[in-house]
There are 2 protein chains.
Amino acid sequence: MSTLKTETRAVEISSLSDGEDHSGCHALLEVLDRIGDKWTVMVVGVLAKGPTRFNAIQRAIGGISHRMLTRTLRGLERDGMVERRAFATIPPKVEYELSPMGRSLVSPLDTLMGWAQAHRPTIEVARSGFDDRSD
Amino acid sequence: MSTLKTETRAVEISSLSDGEDHSGCHALLEVLDRIGDKWTVMVVGVLAKGPTRFNAIQRAIGGISHRMLTRTLRGLERDGMVERRAFATIPPKVEYELSPMGRSLVSPLDTLMGWAQAHRPTIEVARSGFDDRSD
DNA sequence: CGGAATCCAGACTGATACTG
DNA sequence: CAGTATCAGTCTGGATTCCG
């Protein structure tokens, strides 16, 4: 990981800092509602590596309950981010895979992750400083 | 807004799809914890336009309670994303402004917002389809 | 005007147990 | 193995009230 690449693309400049509460902001809030929970990002991260079976996802994440994984996957499937393939074998086998749209989300997420990595130390410092001042 | 521009830059490929639960993923989860709540993004959006007073923020957002705005601002201030300036006048006057780090967050957020806008229709369709199939 | 403290209702999470 | 159902504990956001 961490190879370097040059990327060129056209982007729409409709910043948060633009008009009032326009479509863009609302759209952003919807996405954050979907991925802002405790597990969704991790599941996407696992699936980004390729199709994976239910229990394999659970093991890969570690700490997620059976129930929460089901709910998370349902949510993603509902929004067309993942595709579910069930095989009527015995025992049953179900594979989950990122849809094209799901894969397209990985890139913006990586952008955000880059920011997160770069600023984590600073945040940590700010946080300690603030907490100290508050006694 | 919505002019078109070509953007070239170097990006770090340390994708979600890389190794196991590395630093990056954890960092990303932390950020999402901070901005994934109901109001933080909107507050950042408002402050992105410039320094703003407490009540002005509240009016600009609309629907946020007094208490929630306080909590949201405290959280952002704690992490060094916003700076708070209090003037000991009567009546009191307090201004909030995005810190440099706070401003640097706007760009990745815009990236995500671009994705959100582009895919919202698709998501909407997928969602209705899924809900219909579920009866 | 800006903020803190209290209280409360609803949403979310997770452990457990059960089904196909 | 994959998924559902139930239930209890926790957390969140909001209304209200009081203080500087």
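Values in this document were obtained by computation on a predicted structure and should not be read as measured data.

Some remarks on the protein's contact with DNA strand D
Inspection of the region around DNA strand D gives 19 residues, with A:Asn55, A:His66, A:Arg84, B:Arg67 and B:Met68 positioned closest. When atoms of DNA strand D within 4 Å of the protein are split into backbone and base, the sugar-phosphate part holds 60%. Within the contact set of DNA strand D, a base oxygen lies 3.3 Å away from a side-chain nitrogen or oxygen of A:Arg67. Contributing elements (two or more residues each) for the surface near DNA strand D: α3 (54-61), α4 (66-78) and β4 (93-98) of chain A together with α4 (66-78) of chain B.

Remarks on helix α3 (residues 54-61) of chain B
Residue and element names in this part refer to chain B. Among the residues of α3, those classed as buried are Phe54, Ile57, Gln58 and Ile61. Projected down its long axis, α3 carries its buried residues within an arc of 100°, all on one side. Where α3 is buried, its residues contact α2 (40-47), β2 (52-53), α4 and β4 (93-98). One or two positions beyond α3, positive phi appears at glycine 62, with a value near 75°.

Details of the pairing of strand β3 (residues 82-87) of chain A
All names here are of chain A. Two strands pair when backbone bridges link them, and β3 and β4 are joined in this way by six bridges, in the antiparallel orientation. Of the residues in β4, the one forming a bridge with arginine 84 is tyrosine 96. Between β3 and β4, which pair antiparallel and follow one another directly, the connecting turn spans five residues.

As for the packing of aromatic side chains
According to the stated counting rule, one finds zero aromatic pairs over all chains in the structure shown. In this structure, A:Lys93 packs its charged tip against the face of A:Phe87, placed 5.3 Å from the ring centre.

Observations concerning helix α5 (residues 100-133) of chain B
All names here are of chain B. With 34 residues, α5 ought to run about 50 Å at 1.5 Å a step, and its terminal C-alpha atoms sit 48 Å apart, in line with that. The sharpest bend along α5 measures roughly 50° and falls at histidine 119, with the proline proline 121 sitting one to four residues further on. With its phi angle positive at about 55°, aspartate 135 sits one or two positions after the end of α5.

Points about the protein's contact with DNA strand C
Of all residues adjacent to DNA strand C, which total 19 residues, the nearest are A:Lys38, A:Arg67, B:Asn55, B:His66 and B:Arg84. Backbone atoms, meaning sugar and phosphate, make up 65% of the atoms of DNA strand C lying within 4 Å of the protein. Between DNA strand C and the protein, one listed contact pairs a phosphate oxygen with a side-chain N or O atom of A:Trp39 at 3.1 Å. Within the contact set of DNA strand C, a phosphate oxygen lies 2.8 Å away from a side-chain nitrogen or oxygen of B:Tyr96. Elements with a minimum of two residues in the surface near DNA strand C: α4 of chain A together with α3, α4 and β4 of chain B. Sort the elements by how many residues they give to the surface near DNA strand C and α4(B) lands first, with four residues. Class assignment for the residues of the surface near DNA strand C results in eight nonpolar, four polar and seven charged.

Remarks on the environment of B:Ile123
Inspection of the secondary structure puts B:Ile123 in helix α5. Exposure remark for B:Ile123: the relative accessible area of 10% places this residue in the buried category. When residues no more than four places from it in sequence are discounted, the contact partners of B:Ile123 are A:Asp79, A:Met101 and B:Trp115.

Some remarks on the domain arrangement of chain A
All names here are of chain A. According to the domain assignment, chain A contains domain 1 (1-33) and domain 2 (34-134). Roughly 380 Å² of surface becomes buried between domain 1 and domain 2 when both sides are summed, with 44% attributable to carbon and sulfur atoms. In this structure, the connection of domain 1 to domain 2 is made through zero salt bridges. Linking domain 1 with domain 2 are five residue pairs in polar contact (both at pLDDT 80 or more). For the side of domain 1 that touches domain 2, the element with the highest residue contribution is helix α1 (residues 23-35), accounting for four residues.

Structural notes on the sheet that holds β4(A)
Hydrogen bonds along the backbone pair up the strands of a sheet, which may run parallel or antiparallel. Residues and elements named next belong to chain A. Spatially, the three strands line up as an open sheet ordered β2-β4-β3, and their pairing is antiparallel. Only two strands of the sheet have a single neighbouring strand rather than two, namely β2 (52-53) and β3. Relative to β4, helix α2 (residues 40-47) is tilted by about 95°, and along the sheet it contacts β2, β3 and β4. Across the sheet, helix α5 (residues 100-134) touches β3 and β4, and the angle it forms with β4 is around 50°.

Section: the sheet that holds β2(B)
All names here are of chain B. The antiparallel open sheet is built from three strands, whose spatial order is β2-β4-β3. At either margin of the open sheet sits one strand with a lone partner, and together these are β2 and β3 (82-87). Contacting β2, β3 and β4, α2 runs over the sheet at an angle of about 95° to β4. Relative to β4, α5 is tilted by about 50°, and along the sheet it contacts β3 and β4.

Each value, and the rule that gives it
Residues numbered from 1 in each chain as written. Chains lettered and ligands numbered in written order. Predicted model: local features only at pLDDT ≥ 70, side-chain atom pairs only at ≥ 80, totals over all residues. Heavy atoms only, no water. Near = heavy atom within 4 Å. Polar contact = N/O pair within 3.5 Å; in protein donor to acceptor, adjacent residues only side chain to side chain. Helix = DSSP H or I, 4+ residues; strand = E, 2+ residues; numbered from the N terminus. Buried < 20%, exposed > 50% of the residue type's maximum accessible area, 1.4 Å probe, protein only. Arc of directions from axis to C-beta. Contact = heavy atoms within 4.5 Å. Pairing = 2+ DSSP bridges. Phe/Tyr/Trp six-rings, centres within 6.5 Å; stacked < 30°, edge-to-face > 60°. Lys NZ or Arg CZ within 6 Å of the ring centre and 35° of its normal. Expected span 1.5 Å × (residues − 1). Bend = angle between axes of the 7 residues up to and from the residue. Nonpolar A, V, L, I, M, F, W, Y, C, P; charged D, E, K, R; others polar. Domains from an automatic or database assignment. Buried area = accessible area lost by both parts, 1.4 Å probe. Salt bridge = Lys/Arg side-chain N within 4 Å of Asp/Glu carboxyl O. Axes fitted to C-alpha atoms, helices over the stretch in contact; angles between N-to-C directions.

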